[in-house]
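# Report on the structure
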Amino acid sequence: MVKVKLYIGASSPAMTSEMKTGDWGTEWAFVDEEKCIGCGQCVTFCPEPCIELVEKEGRKVAVIDHDYCKGCWMCYTVCPVDAIRMETKEIYKLEVC
Amino acid sequence: MSLFGPGHGACPGCGFPIAVREALDALDGKVIAVNATGCLEIVSSMYGRNTWGVPYIHSIFENSAAVAAGIEVALKALKRENEAHVVVFAGDGATFDIGIGTLSGMMDRNHNVIYICYDNEAYQNTGNQQSMATPMGAATTTTPVGKNMPGKMGRKKDMVEIAVAHGIPYAASASIAYPKDFNRKVKRASEIKGSKYIQVHCPCVTGWGIDGKLTVEVAKLAVETGLYPLVEYENGKLVRVRKLKKRKSVEEYLKIQRRFRHLFKHPMGKDVLEELQRIADENARKYGLDA
Ligand SMILES: Cc1ncc(C[n+]2csc(CCOP(=O)(O)OP(=O)(O)O)c2C)c(N)n1
Ligand code: SF4
Ligand code: SF4
Ligand SMILES: [Mg+2]
């Protein structure tokens, strides 16, 4: 009897990872690693997801992958210690003369 | 590695990717996903650009429950039902409106399926047309605001109660503002045999007229005002509700969304606001929301 493979259709990593949606927004999120307490709220709420908790010098901090950050501000709003700031990308910084 | 994304095409600040990821995590990726046509499908299943780390099938708009039922009986026939949970992800249009027939059939036969409706309260993928999940007073392209109409006239259909009325073993509402609660509900559903219905409130930035800064706050306010009560039924009995310490007035929720802003100046707006507050009060009484 032929067994049907159940993982047909699945892909790991996601094939959409080839789509660098980080160029969609006008802003990117940045983490202040001093302030970050590694609680993971931003990881839970980032819709992409493009935030991971990474072990650095014996403690966990949030690290953002700008290849996929759409600059939606969700992480900014849920961080309990204001460790995330949003910054306009260089190409969108216009000088008014 | 994430079981859903990154790189999908949902708008910045969209609510449903949070719910999808949380559901897949809750089930440790042991999932065969069935997805009705709608935003979720469009943003995650482009040709050659799959977002899903689990087996995935796109049904059509109206038949995801029937497709899931078919997969469930096929797994049973192959004696492989322990290999994965069959989980539907369908929008509110697919669930409340066009797919209610196949969903009713699935629940009637009590197929062993977890049906998750991500409720963004309109047909968002085609540009914000009303569904039966759209709340009263909301402006959509098919319920535009004009002299004689202050947005949608009817009230939101209570789909959780309709699911309960089928006599299925588990039904619940949830919200992306409370991911842990949603995660627990999906886990609980997976422990029960038979049909499970979970409806999760997921803000839509474009249709509701908010930006990503407000997605979580808006979802939270829907719960805190009593307009979107978080309830849980097992075998027809209400087993749990999220209590509210101090229920907020519905206006706090409505005033920050573009789809409701006309209610504060339209001549008929006051009546709609009163009716919406009455609905929230009714929910509070019915479910004992006030702590
Ligand atoms: C039979 C049929 N009618 C209409 C459509 C067009 N259509 C595609 S997605 C969609 C709206 C889906 O709404 P909902 O289920 O709420 O999901 P959302 O897009 O809001 O996430 C419609 C009307 C279709 N695909 N099939
Ligand atoms: S701004 Fe949005 S996409 Fe970027 S890291 Fe924060 S939550 Fe994720
Ligand atoms: S239109 Fe709404 S539901 Fe669809 S992807 Fe955008 S925010 Fe999400
Ligand atoms: Mg919808």
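For the structure itself, look to the data block above.
In this report, the structure presented in the accompanying data block is examined. (Residues numbered from 1 in each chain as written. Chains lettered and ligands numbered in written order. Predicted model: local features only at pLDDT ≥ 70, side-chain atom pairs only at ≥ 80, totals over all residues. Heavy atoms only, no water.)

In terms of helices and strands, chain A carries 2 helices and 4 strands. Counting helices and strands in the order they occur from the N terminus, chain A gives β-α-β-β-α-β. In chain A, buried positions account for 39% of the 97 residues. (Helix = DSSP H or I, 4+ residues; strand = E, 2+ residues; numbered from the N terminus. Buried < 20%, exposed > 50% of the residue type's maximum accessible area, 1.4 Å probe, protein only.)

Right, let's get into the site of ligand 2. Residues and elements named next belong to chain A. Ligand 2 sits among 14 residues. The nearest are Cys46, Cys69, Lys70, Cys72 and Cys75. Judged by the fraction of its atoms near the pocket grid, ligand 2 is located in the largest cavity. Residue composition of the shell around ligand 2, by class: 12 nonpolar, 1 polar and 1 charged. (Near = heavy atom within 4 Å. 1 Å grid on protein atoms, 1.4 Å probe; cavity = no way out; pocket = protein on both sides within 12 Å on 5 of 7 lines; lining within 4 Å. Sits in = over half its atoms within 2 Å of the grid points. Nonpolar A, V, L, I, M, F, W, Y, C, P; charged D, E, K, R; others polar.)

The next thing to look at is the site of ligand 1. Residues and elements named next belong to chain B. As a matter of local geometry, ligand 1 sits amid 17 residues, with Gly93, Ala94, Tyr118, Ala122 and Gln124 nearest to it. Measuring from an oxygen atom of ligand 1, one finds a side-chain N or O atom of Asp92 at 3.1 Å. Coverage of ligand 1 by the protein chains reaches 75% of its 590 Å² of free accessible surface. Of the residues contributing to the shell around ligand 1, the split by class is 7 nonpolar, 8 polar and 2 charged. (Polar contact = N/O pair within 3.5 Å; in protein donor to acceptor, adjacent residues only side chain to side chain. Areas by Shrake-Rupley, 256 points an atom, 1.4 Å probe, with all protein chains shown as cover.)

Residues and elements named next belong to chain B. Within the secondary structure, Thr134 is located in the loop between β6 (114–119) and α6 (159–165). On the basis of relative accessibility, which here comes to 1%, the residue Thr134 falls in the buried class. Of note is the side chain of Thr134, whose polar atom sits 2.8 Å from the backbone nitrogen of Ser131. Dropping the residues within four chain positions of it, Thr134 is found in contact with Glu121, Ala122, Thr140, Lys152, Arg155 and Lys156. (Contact = heavy atoms within 4.5 Å.)

So, about the interface of chain A and chain B. Residue-level contacts link 32 residues of chain A with 37 residues of chain B. Summing the contributions of chain A and of chain B, the shared interface buries around 2,900 Å²; its carbon and sulfur component is 62%. Where chain A meets chain B, there are 1 salt bridge. The salt bridge partner of A:Glu18 is B:Arg49, with a shortest N-O separation of 3.1 Å. Our enumeration of links across chain A and chain B arrives at 11 residue pairs in polar contact (both at pLDDT 80 or more). For the side of chain A that touches chain B, the secondary-structure elements that each account for two or more residues are α1 (41–45) and α2 (74–78) of chain A. Among the residues making up the side of chain A that touches chain B, the classes are represented as 20 nonpolar, 8 polar and 4 charged. (Buried area = accessible area lost by both parts, 1.4 Å probe. Salt bridge = Lys/Arg side-chain N within 4 Å of Asp/Glu carboxyl O.)

Within the secondary structure layout, B:Ala23 lies in helix α1 (residues 16–26). The spatial distance from the C-alpha of B:Ala23 to the C-alpha of B:Thr225 is 25 Å, given a sequence separation of 202 residues.

The next point concerns the coordination of the magnesium ion (ligand 4). All names here are of chain B. Coordination of the magnesium ion (ligand 4) by the protein involves Asp92 (OD), Asn120 (OD1) and Ala122 (O), with metal-donor separations of 2.0 to 2.1 Å. Here the donor residues for the magnesium ion (ligand 4) map to a single chain with the spacing D-x27-N-x1-A. By relative accessible area, which is 6% here, Asn120 ends up buried. What makes Ala122 buried here is its relative accessible area of 3%. (Donors = N, O, S within 2.8 Å, 3.2 Å for Na, K, Ca; no water.)

With that settled, the discussion passes to empty space enclosed by the protein. Residue and element names in this part refer to chain A. For the structure on display, the rule yields 2 cavities of 30 Å³ or more. When its volume is computed, the largest cavity comes out at roughly 130 Å³. In this structure, the largest cavity is lined by 20 residues; those nearest its centre are Cys46, Cys50, Cys69, Lys70 and Cys72. Counted by class, the lining of the largest cavity contains 15 nonpolar, 3 polar and 2 charged residues. (Points joined across faces, edges and corners; volume = space filled by probe spheres on them.)

Before going further, it helps to examine the nonpolar core. Core analysis: the biggest nonpolar cluster contains 102 residues, and B:Trp52, B:Phe89, B:Ile116 and B:Tyr197 have the highest contact counts within it. Not counting chain neighbours up to four residues away, the residues in contact with B:Tyr197 comprise B:Thr95, B:Phe96, B:Leu103, B:Tyr115, B:Cys117, B:Met159, B:Val160, B:Ala163, B:Ile168, B:Tyr170, B:Ala171 and B:Ala172. If you look at the next biggest cluster of nonpolar residues, it comprises 18 residues, including A:Ala29, A:Cys36, A:Cys50 and A:Trp73. (Core = buried A, V, L, I, M, F, W, Y, C linked by side-chain atoms within 4.5 Å.)

Here the focus is the side chain of B:Lys185. Residues and elements named next belong to chain B. Along the polypeptide, Lys185 turns up in helix α7 (residues 179–190). Looking at Lys185, the relative accessible area reads 2%, which means it is buried. Side chain to side chain, Lys185 and Asp181 meet in a polar contact 2.8 Å long. When sequence neighbours within four positions are dropped, the list of residues in contact with Lys185 reads Tyr170, Ala172, Ser173, Ala174, Ile198, Leu230, Val231 and Glu232.

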